Amino acid sequence: MDRTEFINQLKKLNTNEKTTVELYHEISSLAMNYGLSGLKKPAARNAYYLSIEFLIGRSFFNNLLELGVLEETRQILSDKGIDINVFEEIEDAALGNGGLGRLAACFLDSAAGLGLPLQGYGIRYKYGLFKQAVRNGFQVELPDDWQRFGDPWSQRKEGEKRTVKFADMTVTAVPYDMPVFGKRVNTLRLWQAEGSAEAEKISEYLYPADDTEEGKILRLRQEYFFSAASVGELVEKHLKKYGKSFGNFSEENAIQLNDTHPVLAIVELIRILTAEYRVGFADACEIAQKTFSYTNHTVLPEALECWNAELLEKILPEIYAILLKLHLKQKDELTKLHCTQEEISEMAIYASGNFSMANLAVYIVHTVNGVAKLHTDILKNSLFRTAYKYYPKKFQNKTNGITQRRWLMLCNRELSELIDRTIGKNWRTDISALSGLNPHIESIADEFIRIKTEKKRQLFEYIAQHEGTVIPNGFIVYSQVKRLHEYKRQLMTAFAILEIYKGLKDGTVRNFQPSVFLFGAKSAPSYKRAKAVIKFINEIADKINSDEQTNGLLRVIFVQNYNVSYAEKIVAGTDVSLQVSTAGLEASGTGNMKFMMNGAVTCGTMDGANIEIVELSGRENNYIFGAEVDEIERLKEEGYNPLELLKTNELHRYAVSALIDGTFTDGGTGCFKELYEALTVGATWHKPDHYFVLHDLQSYVAALLKINADYTQRKAFAVKQLKNTANSAYFSSDRTIKEYSDCIWKIME
Ligand code: 26V
């Protein structure tokens, strides 16, 4: 089917008396037919992206855009009296938690767009990330039955099933292929576990709770399940083509391990080659080395996967045996390199009963990369410093990116059209052309202001529908939307809001422009402190929004069920992007890039990709505050006493005391007291305020107020915002993917 035929068929489509879901299926299936015809060409060398998460979001609008038929479809439907926005009721595919999974989705989009052969491998969870409701201020988790309306974008490939064996069960892995449209059609292959009821549990939930033994086993099964199915398939394909000679395996297959979750794929490849095809152990390790590369996405030790030896021996005895051999091989090699005992234990694959997936990956792969300049430096100088000392050439930086197709063209048609009118449409296929906006910024600032105002109006309308809260037009929008985690410091924003509120009440904050603080965040179901922060923000919102003395100036909204589709609206309708993690802890951040591209200034710390954002758009066009990495390091060494800050700063005392002085209620759970104690006395596993909230709070409030004051010069502020858009091309995942393919995968169009 060609384009004309797609359009003709769409025009002929009988839409009378059909439900939205029926129409959704018919149009999607037409688009699938069109998209899958003709564009698929096999590549000699492919790269494979193994990821336990792909946070795809909604495919309908994006696929029509990628196929170049979105505008016509909008028009044809409108001629039939149908507003294309009705399809917004279709669920997101939320097969991921946050940045890591969304990055995987952006990467697939960019590779297809550039015509590069990158295929994804993951898990087809029956239930994606939970749906969040807020009841009485608390997060409530509801199952995410994303296939409720069917899944017209996937094709089940019955004939390509595989088996994956565990000591105690055999599981069938059934592939579901989702095409990724662009200059070429790539495939995201998601494995679904079938067989016994026990087997089917493997692909039932994204990230099941792993605070119990049972949960840990399930997580291990998930990781091995999709790694083994994917690697097994690649080996089989190779076998069909070349017989049992695997010397050239790495010439055709480059496998990227997205974080530590798929690292067992390395061990599985070595197992298949040695056990099934009699390749020698050393040769198998060499093939693995040439095939695999690994991306690290976090420096938080609790998030680096480790597997208990006993558990592995019980569930995956062959894998366990190979891991032990790898451990001995590593020890032997490191001894020959004259590493000290201490150095050997820092890099050890196996230590005190556990296998470290990060150390295993760093030892085997040919390339390790971090996801922003600062993050890669931290990998080199701190997390993997010893490995860096012995294998310096393994380490590379690949600063993250986001796809401008979803995150600008799709979510902000108005701004995209302003860019078209100003510099032509070339930027749509070559994003580097976006910098051509720079000389025109002054002249388009007024029009930009009109567009930003319209995007805010659309966002407020959506919020009114979904949250039942009305935000008056004209408010400045400050947004902090991301997973809820202590290091991301949503609590610091909550305190800052309380301090501003107090200032408005007692008259110390004057000439304040009306502002709304938007939060969107899901907390891991078992993460008590994160859930407490959600409740605290909602308590603050209730109080401030109902205070008639100030609610013409200040509002707080916590949106429910923040997801990709909500993000599309929020990034377009935001003035100020809040990126306030403790320096050194946010590997990159990618929300920061989406906001930047849509013309928001960043109010943030010198962390992750924020550093590169202000490098490119100008520090004077953003609002940087707080301790930098060396200061945090110094504070940790010399000692940091948050109680001193509380004693001397009355505003801080007011904000922090609100946790315990009865201003707000935590519903009798004691969760606010727990937050208070984490800040003031610490816990068995950490010192008081180990994320330095009180340390950075004063400069944070000052930055927020400075922004507020600068906003009164609306045009000058719009110029700052536009400087961000104009210099955001570097943060396109097209650039990132080109770098991966040139420097790591060596794949070609
Ligand atoms: C996972 C966990 C799980 C256990 C509890 C604590 C914890 C903390 C963090 C994580 C994150 C795992 C990896 C991840 O999602 N990293 C994110 O990757 C993004 C894409 O590279 C990057 O932009 C974010 O900065 C980084 O946090």
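Residues numbered from 1 in each chain as written. Predicted model: local features only at pLDDT ≥ 70, side-chain atom pairs only at ≥ 80, totals over all residues. Heavy atoms only, no water.

**Student:** Lay out helix 5 (residues 99-114) in plain terms, naming residues and giving numbers.
**Tutor:** With 16 residues, helix 5 should reach 22 Å at 1.5 Å per residue; the first-to-last C-alpha distance of 22 Å fits that figure. With respect to burial, helix 5 is a largely interior element, 14 of its 16 residues being buried. Taken from the residues just after helix 5, Gly115 is the one with a positive phi, measuring 80°. (Helix = DSSP H or I, 4+ residues; strand = E, 2+ residues; numbered from the N terminus. Expected span 1.5 Å × (residues − 1). Buried < 20%, exposed > 50% of the residue type's maximum accessible area, 1.4 Å probe, protein only.)

**Student:** Which residues make up the sheet that holds strand 13 (residues 306-308), and what are the values?
**Tutor:** In space, the three strands of this open sheet follow the order 13-15-14, with antiparallel pairing throughout. Looking along the sheet, the strands with just one partner apiece sit at the ends: strand 13 and strand 14 (350-351). Where strand 14 meets strand 15 (residues 354-356), two bridges bridge the pair, whose relative direction is antiparallel. If you follow Tyr350 over to strand 15, its bridge partner there is Phe355. (Pairing = 2+ DSSP bridges.)

**Student:** Describe the pattern of salt bridges, listing the residues and the values that go with them.
**Tutor:** Going through the model one piece at a time under the given rule, you end up with 57 salt bridges. One salt bridge in this structure joins Arg156 and Glu158, with 2.5 Å as the shortest N-O distance. Classification of Arg156 as partly exposed rests on a relative accessible area of 32%. For the salt bridge of Lys183 with Glu749, the shortest nitrogen-to-oxygen distance reads 3.0 Å. (Salt bridge = Lys/Arg side-chain N within 4 Å of Asp/Glu carboxyl O.)

**Student:** Which residues make up the pairing of strand 8 (residues 162-166), and what values do they have?
**Tutor:** Within a regular strand, the side chains alternate between the two sheet faces. Taking every second residue as pointing to the same face, the buried face of strand 8 carries Arg162, Val164 and Phe166, while none of Thr163 and Lys165 on the other face is buried. Across five bridges, strand 8 lies against strand 9 (residues 169-180) in antiparallel orientation. When the bridges of strand 9 are listed, Val164 appears paired with Val171. Connecting the antiparallel pair strand 8 and strand 9 is a turn made up of two residues.

**Student:** Would you mind going over the domain arrangement of the protein chain in detail, with residue names and values included?
**Tutor:** Taken domain by domain, the protein chain consists of domain 1 (3-400 + 737-745) and domain 2 (404-629 + 696-731). Here domain 1 and domain 2 have C-alpha centroids that lie 30 Å from each other. The junction of domain 1 with domain 2 conceals about 3600 Å² of combined surface from both sides, 54% of it contributed by carbon and sulfur atoms. Counting the contacts that link domain 1 with domain 2 gives six salt bridges. When the shortest N-O distance is used, the salt bridge between Glu615 and Lys373 registers 3.0 Å. On the surface where domain 1 and domain 2 come into contact, there are 21 residue pairs in polar contact (both at pLDDT 80 or more). Of all the elements in the fold, those that place two or more residues in the side of domain 1 that touches domain 2 are strand 2 (54-57), helix 3 (60-66), helix 4 (70-79), helix 5, strand 5 (131-135), strand 6 (138-142) and helix 15 (373-383). The element best represented in the side of domain 1 that touches domain 2 is helix 5, accounting for six residues. Within the side of domain 1 that touches domain 2, the residues separate by chemical class into 18 nonpolar, 15 polar and 13 charged. (Domains from an automatic or database assignment. Buried area = accessible area lost by both parts, 1.4 Å probe. Polar contact = N/O pair within 3.5 Å; in protein donor to acceptor, adjacent residues only side chain to side chain. Nonpolar A, V, L, I, M, F, W, Y, C, P; charged D, E, K, R; others polar.)

**Student:** Tell me about the site of the ligand, and name the residues and values.
**Tutor:** For the ligand, the set of nearby residues contains 16 residues, the closest of which are His297, Asn400, Glu586, Ser588 and Gly589. Here His297 contributes a side-chain N or O atom positioned 2.6 Å from an oxygen atom of the ligand. Separating an oxygen atom of the ligand from a side-chain N or O atom of Glu586 is a distance of 2.6 Å. Within the shell around the ligand, the residues separate by chemical class into seven nonpolar, seven polar and two charged. Each of domain 1 (3-400 + 737-745) and domain 2 (404-629 + 696-731) contributes no fewer than three residues to the shell around the ligand. (Near = heavy atom within 4 Å.)

**Student:** Describe in detail the packing of aromatic side chains, supporting the description with residues and values.
**Tutor:** Summed over all chains, the structure comprises 25 aromatic pairs. Site record: aromatic cluster; members linked through ring pairs are Tyr24, Phe60, Phe61 and Phe87. Here the guanidinium or amino end of Arg189 rests over the ring plane of Trp191, the centre of that ring lying 5.8 Å away. Its end group placed over the ring of Tyr391, Lys394 keeps NZ or CZ at 4.8 Å from the ring centre. (Phe/Tyr/Trp six-rings, centres within 6.5 Å; stacked < 30°, edge-to-face > 60°. Lys NZ or Arg CZ within 6 Å of the ring centre and 35° of its normal.)

**Student:** Tell me about helix 9 (residues 264-277), and please be specific about residues and values.
**Tutor:** Taking 1.5 Å as the rise per residue, helix 9 with 14 residues should run 20 Å; its terminal C-alpha atoms sit 19 Å apart, in good agreement. Most of helix 9 sits out of view: eleven of its 14 residues are buried. Residues of helix 9 that are buried include every one of Leu264, Ala265, Ile266, Val267, Glu268, Leu269, Ile270, Arg271, Ile272, Leu273 and Tyr277, and no others. At the C-terminal side of helix 9, Arg278 shows a positive phi close to 55°.

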